[in-house]
Amino acid sequence: MDKSNPVPLSATEEMLSVNGDCPDHLYSTIFTLKDSPGILLEALKPFASLGISMSHIESRLGRCETGYDFYVEFICETEGLLDQLTQKLEEISCSVSLMTEGGRGNRVPWFPRSIRDLDKFSNRVLSMGAELSSDHPGFTDPVYRERRAQFADIAIKYRYGEPIPRVEYTENEINTWNEIFTQLSTLFPTHACREFNRNFPLLVENCGYRVGNIPQLADVSNFLKECTGFSLRPVAGLLSSRDFLAGLAFRVFHSTQYIRHHSKPMYTPEPDICHELIGHVPLFADKKFAEFSQEIGLASLGVSDEYIKKLATMYWFTIEFGMCKQEGELRAYGAGLLSSFGELQYCLTDKPSVLPLDAEVTCNTEYPITEFQPTYFVAEDFESAKKNIRLFVCLFYLCCCCCCCC
């Protein structure tokens, strides 16, 4: 198998189909084999020897890049047969994880196997959405609350493959966008990384980024698909870290469509469309940044809650509040910085602490969510950040999953 062209777990390399699918006995497993001639036949032998029917099989370059991970969905009628299969897989594999579709005896948490599976959790909003907290600027505004309910309804009804509904924004909403867009645009040439400044004009040209117009998610999503394969999906509010990161594994970014309350245009207690479109989108149009973002998402699939917390912290200090060094100067690439007029200026002063990006250190660093960050981590470039993540993932599986494929 060719190692020079690894593919994401979602891209099927080998697939077998059978009839008679039986959800009550449907299982899935991920196991790792060292690269060798005939590796696919080796992967199929345990199932064939026990007469177990497979409904789906995928392979991708292993986490430690010396073997291949196989993901198999199969039908198994008895626990005894399942135990035999597990034993056979453990004899040939350096890492085995077993899952059940119905939740019985799961050894790892459920995760989406295809991009359509994102429909299963995209409505599991943790906070905000149509329900605002009492300290939200729009809490006492009935018009704003009704508007938020309309946006939540759009997101809840949305399903993969459908066109993203277009929204007619109000005068208040457009005026809020105008103020944010105008003020931030003055800082980007001197505070944002070169990749951001290269892509931002393309969004102005192709997606309607301008004063007087809030871009439509559908137009922006189509543009991103052409650039890097990333797409946007409407969401009603904040997802759990596990669900949000799982979307990135399929190059899907869950994006809000609502905008912050007009009474405080330079403040929002939650992500809104200004944060998504101005902070995140320009860099999702960059190939290396898209790969780095997907790398974090892939690393989140099926792992423990403890590890999700570490990955979410890495996401926070990179994709949300990351900085890099270009031509000897610090520049921002994190969306939380690029969409905040105040913190974008603050991050380049001598007030915060600035440390080199080290995944092992970064993932264990505490951070505030309601004030400017006291510490930022600096990557040399997106490629080095991606390698940092890969090394961290590899070390994690060596320590926690007994992965000996390195």
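Overview of the structure.

Calculation criteria
Residues numbered from 1 in each chain as written. Predicted model: local features only at pLDDT ≥ 70, side-chain atom pairs only at ≥ 80, totals over all residues. Heavy atoms only, no water. Helix = DSSP H or I, 4+ residues; strand = E, 2+ residues; numbered from the N terminus. Buried < 20%, exposed > 50% of the residue type's maximum accessible area, 1.4 Å probe, protein only. Contact = heavy atoms within 4.5 Å. Areas by Shrake-Rupley, 256 points an atom, 1.4 Å probe, with all protein chains shown as cover. Salt bridge = Lys/Arg side-chain N within 4 Å of Asp/Glu carboxyl O. Polar contact = N/O pair within 3.5 Å; in protein donor to acceptor, adjacent residues only side chain to side chain. Expected span 1.5 Å × (residues − 1). Arc of directions from axis to C-beta.

Moving on to the overall build of the protein. Each helix and strand in the protein was counted, giving 15 helices and ten strands. Split into buried and exposed, the 406 residues of the protein put 54% on the buried side. A sequence separation of at least 24 residues applies to 68% of the contacts in the protein between residues at least 6 apart. With the model as given, the accessible surface of the protein reaches about 18,200 Å², and the carbon-plus-sulfur share is 52%.

Before going further, it helps to spend a moment on the pattern of salt bridges. Tallied over the entire structure, the rule returns 15 salt bridges. The salt bridge partner of Asp243 is Arg124, with a shortest N-O separation of 3.0 Å. Pair noted here: Asp243 is in helix H8 (residues 241–249) and Arg124 is in the loop between strand S4 (95–100) and helix H3 (142–157), with a separation of 119 residues, a long-range link. The class for Asp243 is buried, based on a relative accessible area of 6%. Looking at Arg124, the relative accessible area reads 43%, which means it is partly exposed.

We now examine the side chain of Thr176. With respect to the element layout, Thr176 can be found in helix H4 (residues 171–185). Overall, Thr176 belongs to the buried group, its relative accessible area being 4%. Separated by 2.9 Å, the side chain of Thr176 and the backbone oxygen of Asn172 make a polar contact. Leaving out residues up to four positions away in the same chain, Thr176 has contacts with Ile259, Arg260, His262 and Pro265.

Each turn of an α-helix holds 3.6 residues, which means side chains three or four residues apart point in the same direction. Over its 14 residues, helix H6 (residues 194–207) runs 20 Å from end to end, which matches the ideal 20 Å to within 8%, given 1.5 Å per residue. Within H6, the full set of buried residues consists of Glu195, Phe196, Asn199, Phe200, Leu203 and Cys207. With its buried residues spanning 125° around the axis, H6 presents them on a single face. Just downstream of H6 lies Gly208, where phi reads positive at about 80°.

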